[in-house]
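This is what each chain is made of:
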Amino acid sequence: MSRNTRATAVRAGVRLFAGLCLLAGVSAAGPAEASSHPVIRSVSPATVDTDGGTVTVSGYGFTGTDSVKLLSLPSSTVTARPAYVYYKVISDDTLRLTVPTHTAGTVWISITTASGSNTYSSHDRLQFSENASTSNPPGKDTLGALLLAMLIGMIFGRNRDE
């Protein structure tokens, strides 16, 4: 392999590595400093009732948040009327949102700061569902009662003739 070919291969490898790091949000400064716009890592709970509710958004770059909107499509050029959300900045990496009533379906959370808006990803989605509940899932108490009954039956249900 000639020296020129080797240098070209090394440059291509470095560019590939840099591109992969950029896609992953990693830089020499670290992920939080890789971009100045807000980044959403998770939304909890990911599903809320169509009557609205409270969700916590985790990520980074939330200091100086100017607005939070729910968009029907994950695009910065959406012209449909967005639903504005009441929000409270807890820290640079946590937002608390009070979302309004909304029809069932998926929306994307858009956070805007002076540095820009978040880039949409699968972490930015919020699902509205009929009768969604953030409490225990249906049947959880029933399952616990069933397990307790089985345990009591095993302990006290032995044949007494033994």
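Attention here is on the structure that accompanies the text. For clarity, every value in this text was computed on a predicted model and none was experimentally measured. (Residues numbered from 1 in each chain as written. Predicted model: local features only at pLDDT ≥ 70, side-chain atom pairs only at ≥ 80, totals over all residues. Heavy atoms only, no water.)

1. What to know about the overall build of the chain
Thinking step 1. Looking only at helices and strands, the chain has two helices and ten strands in total.
Thinking step 2. Overall, the chain shows an N-to-C arrangement of helices and strands of α-β-β-β-β-β-β-β-β-β-β-α.
Thinking step 3. Counting all 162 residues of the chain, 23% fall into the buried class.
Thinking step 4. Considering only contacts in the chain between residues 6 or more positions apart, those separated by 24 or more positions represent 62%.
Thinking step 5. Element-wise, carbon and sulfur atoms account for 58% of the exposed surface of the chain, whose accessible area totals about 10900 Å². (Helix = DSSP H or I, 4+ residues; strand = E, 2+ residues; numbered from the N terminus. Buried < 20%, exposed > 50% of the residue type's maximum accessible area, 1.4 Å probe, protein only. Contact = heavy atoms within 4.5 Å. Areas by Shrake-Rupley, 256 points an atom, 1.4 Å probe, with all protein chains shown as cover.)

2. A closer look at the nonpolar core
Thinking step 1. If you look at the biggest cluster of nonpolar residues, it comprises 17 residues, and the most contacted ones within it are Val57, Leu70, Leu97, Val99, Ile109, Ile111 and Leu126.
Thinking step 2. Contributions of two or more residues to this core are made by strand S1 (39–44), strand S3 (53–60), strand S4 (65–71), strand S7 (94–99), strand S8 (105–113) and strand S10 (125–129).
Thinking step 3. What Leu126 contacts, discounting residues up to four positions off in sequence, is Val43, Pro45, Ala46, Thr47, Val48, Val55, Leu70, Val99, Gly105, Thr106, Val107 and Ile109. (Core = buried A, V, L, I, M, F, W, Y, C linked by side-chain atoms within 4.5 Å.)

3. Considering the environment of His37
Thinking step 1. Mapping His37 onto the fold places it in the loop between helix H1 (3–24) and S1.
Thinking step 2. The exposure class assigned to His37 is partly exposed, which follows from its relative accessible area of 23%.
Thinking step 3. Once the C-alpha coordinates of His37 and Ser117 are considered, the two residues, 80 residues apart in sequence, prove to be 5.7 Å apart.

4. Observations concerning the pairing of S7
Thinking step 1. In this sheet, S7 lies alongside S3 in antiparallel orientation, the contact comprising six bridges. Considered in S7, the bridge of Thr54 is made with Thr98.
Thinking step 2. Sheet topology note: the strand S6 (residues 86–91)/S7 ladder contains five bridges and is antiparallel. In the sheet register, Tyr86 faces S7, and the bridge partner there is Thr98.
Thinking step 3. Where S6 folds back onto S7 in an antiparallel hairpin, the turn is made up of two residues. (Pairing = 2+ DSSP bridges.)

5. Describing the side chain of Thr94
Thinking step 1. Relative to the helices and strands, Thr94 resides in strand S7.
Thinking step 2. Side chain to side chain, Thr94 and Asp93 meet in a polar contact 3.3 Å long. (Polar contact = N/O pair within 3.5 Å; in protein donor to acceptor, adjacent residues only side chain to side chain.)

The values reported here are purely geometric and, on their own, carry no functional implication.
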